[in-house]
Amino acid sequence: MWETARDRLRGRLADGLAQSGLTLPWWVPMGTTAFTVIGLVVAVGQRVGPALPVAIAGFLLATSSSLLFAFTGRLAPSWLKALGMLAGIGLLLTYPVVPDFAPMPLAVLTGELGSIATARVAFAATGGAVALLGAAALTVGLVGFPVYTLAVVVGMAAGFMLRWYVRALDAERGKQEAVREQARLGERQRIAREVHDVVAHSLSITLLHVTGARHGLRTDRDIDEAVAALTEAERIGRAAMADIRRTVGLLSQESAGTRPLPGAGDIAELVAETCAAGLVAEYELEGDVTAVDNTVGLGLYRIVQESLANVVKHAPSEKALVRLEISAEDARLTVRNGHTGTARNSGGSGLAGMTARAGQLGARLTAGPEGGEWVVDVTVPLAREAVS
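These numbers come from a predicted model, not from an experiment. Per chain, residues are indexed from 1 in the order of the written sequence. Thresholds applied to this predicted model are a pLDDT of at least 70 for local features of residues and 80 or more for the giving and counting of side-chain atom pairs; totals over whole chains, interfaces and linings are not thresholded and use all residues. For the side-chain quantities, the full set of heavy atoms in the structure was used; hydrogens and water were omitted.

Colleague: Is there a simple way to explain the overall build of the protein in this structure?
Modeller: Every helix listed is a DSSP run of H or I at least four residues long, and every strand listed is a run of E at least two residues long, numbered separately from the N terminus. Counting its regular elements, the protein contains 12 helices and five strands. A separation of at least 24 residues holds for 68% of the contacts in the protein among residues at least 6 apart in sequence. With the model as given, the accessible surface of the protein reaches about 22,100 Å², and the carbon-plus-sulfur share is 62%. Only heavy atoms matter for contacts: two residues are in contact if any of them lie within 4.5 Å across the pair. All accessible-area figures derive from a Shrake-Rupley calculation using a 1.4 Å probe, and residue coverage is judged against the displayed protein chains alone.

Colleague: I tried to follow a nonpolar patch on the surface on my own but got confused; where do I start?
Modeller: Taken together, Leu 52, Ile 56, Leu 60, Leu 67 and Phe 71 make up a surface patch of nonpolar side chains, about 480 Å² in accessible area. Those elements that place two or more of their residues in the nonpolar patch are α3 (51–62) and α4 (64–72). In terms of residue count, α3 provides more of the nonpolar patch than any other element does, three residues in total. Tracing the backbone shows Leu 67 in helix α4. Excluding any residue in a salt bridge, patches collect residues exceeding 30% relative accessible area, merging like charges within 9 Å and nonpolar Val, Leu, Ile, Met, Phe, Trp and Tyr side chains within 5 Å. By convention in these notes, a salt bridge is any Lys or Arg side-chain nitrogen within 4 Å of a carboxyl oxygen on Asp or Glu.

Colleague: Mind showing me how you'd approach empty space enclosed by the protein here?
Modeller: One water molecule sets the probe size; rolling that probe over the atoms shows where empty space is left. Buriedness for pockets is judged along seven lines, at least five of which must meet protein on both sides within 12 Å for an open set on the 1 Å grid over protein atoms alone, while cavities are sets there where a 1.4 Å probe fits but cannot get out, and lining residues have an atom within 4 Å of a point. Grid points are joined across faces, edges and corners, and a volume is the space filled by probe spheres set on the points. Applying the stated criterion across every chain yields a total of three cavities of 30 Å³ or more. Of the volumes computed, that of the largest cavity is approximately 90 Å³. Residue assignment for the lining of the largest cavity shows that the elements contributing at least two residues are α2 (27–45), α4, α5 (78–92) and α6 (104–116). Counting residues per element, the lining of the largest cavity draws most heavily on α2, which supplies five residues. Grouping the amino acids of the lining of the largest cavity by side-chain chemistry returns six nonpolar, six polar and two charged. The classification used treats Ala, Val, Leu, Ile, Met, Phe, Trp, Tyr, Cys and Pro as nonpolar, Asp, Glu, Lys and Arg as charged, and all other residues, Gly among them, as polar.

Colleague: Even after reading the chapter, I still don't get the sheet that holds strand β1 (residues 281–286), so can you show me in this structure?
Modeller: Strand pairing within a sheet occurs via backbone hydrogen bonds; the two strands may be parallel or antiparallel. Spatial strand order, β1-β2-β3-β5-β4: five strands in an open sheet with mixed pairing. One side of each edge strand has no neighbouring strand; the edge strands of this open sheet are β1 and β4 (364–370). For this sheet, the mean inter-axis angle between neighbouring strands, taken without regard to orientation, is 10°. For two strands to be treated as a pair, DSSP must find at least two bridges joining them. To obtain an axis, a line is fitted to C-alpha atoms, over the contacting stretch when the element is a helix, and the angle between two such axes runs from 0 to 180 degrees between their N-to-C directions.

Colleague: I tried to follow the pattern of salt bridges on my own but got confused; where do I start?
Modeller: Opposite charge on two side chains makes pairing possible when the charged atoms of those side chains draw close. A complete count under the given rule lists nine salt bridges for this structure. Glu 282 is the salt-bridge partner of Lys 319, the closest N and O atoms lying 2.7 Å from each other. Taken as a pair, Lys 319 in the loop between α11 (294–314) and β2 (320–326) and Glu 282 in strand β1 lie far apart in primary sequence, 37 residues in all. Residue Glu 282 is classed as partly exposed on the basis of its relative accessible area of 36%. In this structure, Arg 323 engages Glu 325 in a salt bridge whose closest nitrogen and oxygen atoms are separated by 3.2 Å. Burial here depends on accessible area, computed with a 1.4 Å probe over protein chains only, as a share of the maximum for the residue type. Under 20% is buried, over 50% is exposed, and the range in between is partly exposed. Of the residues examined, Glu 325 reaches a relative accessible area of 26% and is grouped as partly exposed. Salt bridges sharing partners connect three or more residues here, namely Glu 284, Glu 286, Arg 323 and Glu 325.

Colleague: Help me understand helix α7 (residues 119–139), please; the structure alone is not making it clear to me.
Modeller: It helps to recall that an α-helix has 3.6 residues per turn; residues three or four apart then point in one direction. Expected helix span is taken as 1.5 Å per residue step, with the number of steps being one fewer than the number of residues. Relative to the 30 Å expected for 21 residues at 1.5 Å per residue, α7 spans 30 Å between its end C-alpha atoms, a close match to the ideal helical length. Restricting attention to buried positions, one finds in α7 the residues Ala 122, Ala 125, Thr 126, Ala 129, Leu 132, Leu 133, Gly 134 and Ala 136. Just past α7, the residue Gly 141 takes up positive phi, approximately 80°.

Colleague: How should the UniProt feature "transmembrane region" (unreviewed entry) in the protein be read in this particular structure?
Modeller: This chain's UniProt record puts "transmembrane region" (unreviewed entry) on residues 26–44, 51–72, 78–98, 119–139 and 145–166. Note that residues 51–72 is 95% helix and 0% strand, and that its end C-alpha atoms are spaced 30 Å apart. The span residues 78–98 is 71% helical and 0% strand by assignment, and the distance between its end C-alpha atoms comes to 30 Å. UniProt positions are given in the numbering used here, feature names are shortened, and annotations may be inferred rather than shown by experiment.

Colleague: What should I look at first to understand unusual backbone geometry in this one?
Modeller: As a rule of thumb, non-glycine residues mostly have phi less than zero, and peptide bonds are mostly trans rather than cis. Residue Pro 99 is bonded to the preceding Val 98 through a cis peptide linkage, with omega at -10°. Tracing the sequence through the fold places Pro 99 in the loop between α5 and α6.

Colleague: In this structure, what is going on with the packing of α5 against α7? I would like to understand it.
Modeller: When two helices pack together, their arrangement is captured by the angle between the axes and the distance separating the axes. At a closest axis distance of 10 Å, the pairing of α5 and α7 adopts a crossing angle of 5°. The angle between α5 and α7 falls in the class roughly parallel. For the pair α5 and α7, the contacting residues are Ser 78, Trp 79, Ala 82, Leu 86, Ile 89 and Gly 90 in the first and Val 121, Ala 125, Gly 128, Ala 129 and Leu 132 in the second. Throughout, the term roughly parallel applies to angles under 35 degrees, roughly antiparallel to angles over 145, roughly perpendicular to angles from 65 to 115, and oblique to all others.

Colleague: So what exactly am I meant to see when it comes to the environment of Arg 336 here?
Modeller: Mapped onto the fold, Arg 336 is located in strand β3 (residues 330–337). Placed 39 residues apart in sequence, Arg 336 and Val 375 show a C-alpha to C-alpha distance of 4.4 Å. Setting aside residues up to four positions removed in sequence, Arg 336 forms contacts with Lys 319, Ala 320, Leu 321, Glu 370, Glu 373, Trp 374 and Val 375. Think of a polar contact as two N or O atoms within 3.5 Å of one another; within protein, one of them needs to be a possible hydrogen donor and the other a possible acceptor, and neighboring residues in sequence only count if both atoms come from side chains. A distance of 2.9 Å separates the side chain of Arg 336 from the side chain of Glu 373, its partner in a polar contact.

Colleague: Hey, could you run me through the packing of α3 against α5 in this one?
Modeller: One can describe the packing of α3 onto α5 by two numbers: an axis separation of 7 Å at closest approach and a directional angle of 165°. By the angle between their axes, α3 is roughly antiparallel relative to α5. Crossing of α3 over α5 shows left-handed handedness. Mapping the contact onto sequence places Val 54, Ala 55, Ala 57, Gly 58, Leu 61 and Ala 62 in α3 and Gly 84, Met 85, Ala 87, Gly 88, Leu 91 and Leu 92 in α5. When the near helix sits turned anticlockwise from the far one by under a right angle, the crossing is termed left-handed; a clockwise turn instead gives a right-handed crossing.

Colleague: Would you take a moment to explain the nonpolar core for this structure?
Modeller: Considering soluble globular proteins, one finds that nonpolar side chains tend to be buried as a cluster. As used in this record, nonpolar core signifies buried Ala, Val, Leu, Ile, Met, Phe, Trp, Tyr and Cys residues forming a set joined through side-chain atoms within 4.5 Å. If you look at the biggest cluster of nonpolar residues, it comprises 32 residues, and the most contacted ones within it are Leu 300, Leu 333 and Val 378. When residues of this core are traced back to their parent elements, those giving at least two are α10 (267–276), α11, β2, β3, α12 (350–360) and β5 (373–381). Top contributing element to this core by residue count: α11, with seven residues. Apart from residues no more than four positions distant in its own chain, Val 378 is found in contact with Leu 300, Ile 303, Ala 331, Arg 332, Leu 333, Ala 358, Ala 363, Arg 364 and Leu 365. Grouped together as the second largest cluster of nonpolar side chains are 25 residues, Ala 82, Leu 86, Leu 113 and Val 152 included.

See the structure below:
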């Protein structure tokens with residue numbers, strides 16, 4: 001229940017910041033509100049006797065916008081919040097004390113308005129705060145008018161500085177995102193050209209072989225020549241499919257700089273690293289790992305990575321077994337452990353991500369309880385050249 005209330009509060013504060021155009025963490029307005037309330041509570045505590053009812057009324061007026069948000073989730077306009085704060089502080093200052101905490105929330109108010117409100121509202125609130133402090137100094141003898149005034153002005157300046165900083169930061173983030181998007185677009189265009197070249201070349205050569213086979217069967221009835229031509233066409237088609245799959249696979253891969261992307265040969269190191277982190281896991285390999293190309297190897301590596309992450313998250317005390325079997329036709333990967341609880345994809349995207357990656361590889365993937373264990377099983381066909 002506490003977590004639900006906390007999440008609801010975060011959502012409300014985030015919505016309020018979004019409406020104000022500020023990309024700040026939720027705890028920033030939470031902190032300023034807490035500081036204001038603490039200052040007002042201390043100010044009320046400084047006033048006893050006949051001044052206490054007036055101080056309580058001032059406290060309620062000064063916190064009216066916060067109370068409105070707490071009970072209804074609605075944000076009061078900035079000018080209305082400023083009026084409530086000035087009226088509440090004005091009531092508190094009818095009974096000044098030394099030292100007086102009542103004027104301090106005004107510095108927080110001007111800082112907040114300087115960062116989220118219009119310049120007109122911010123300047124008007126600052127002027128109203130200075131006028132209120134001056135009137136209290138002249139009429140009821142408020143001590144420390146110059147210090148309080150300086151705090152109010154500094155608060156407004158800090159608010160404007162925060163506004164400028166956040167907007168500059170957002171502009172820089174937008175610029176960097178535009179540069180990244182342009183780079184991604186350029187890379188996709190380059191890959192599209194490569195795919196076009198691969199497809200165009202392979203189809204042209206394949207059609208020539210098919211035409212030759214048809215011609216041989218029609219004219220000379222040379223079955224051997226036709227079989228050789230069709231075999232070569234099949235070989236070129238398989239090689240082209242492998243090239244296309246490898247090239248298109250780059251579209252969904254993040255840039256890794258100069259570091260090579262991991263492959264099937266790195267799964268053993270991945271399991272060892274996971275064991276070093278505290279998970280009990282074993283790795284079994286059957287077959288030649290070099291027979292797995294880079295794209296399939298990367299996909300298998302990522303599936304093992306996600307599977308082990310799920311084991312660590314859901315069943316860290318259970319033993320995991322990773323087995324990779326490589327044959328001439330396909331590569332089969334199984335990851336199993338002793339946990340048989342609820343589905344792993346509850347609220348997450350791990351299984352969905354593995355399924356999507358398997359689909360890109362043309363693989364068959366199953367995941368679920370089996371024989372008292374949780375098993376992820378994926379079989380990936382391996383592209384092979386036909387032997388003539």
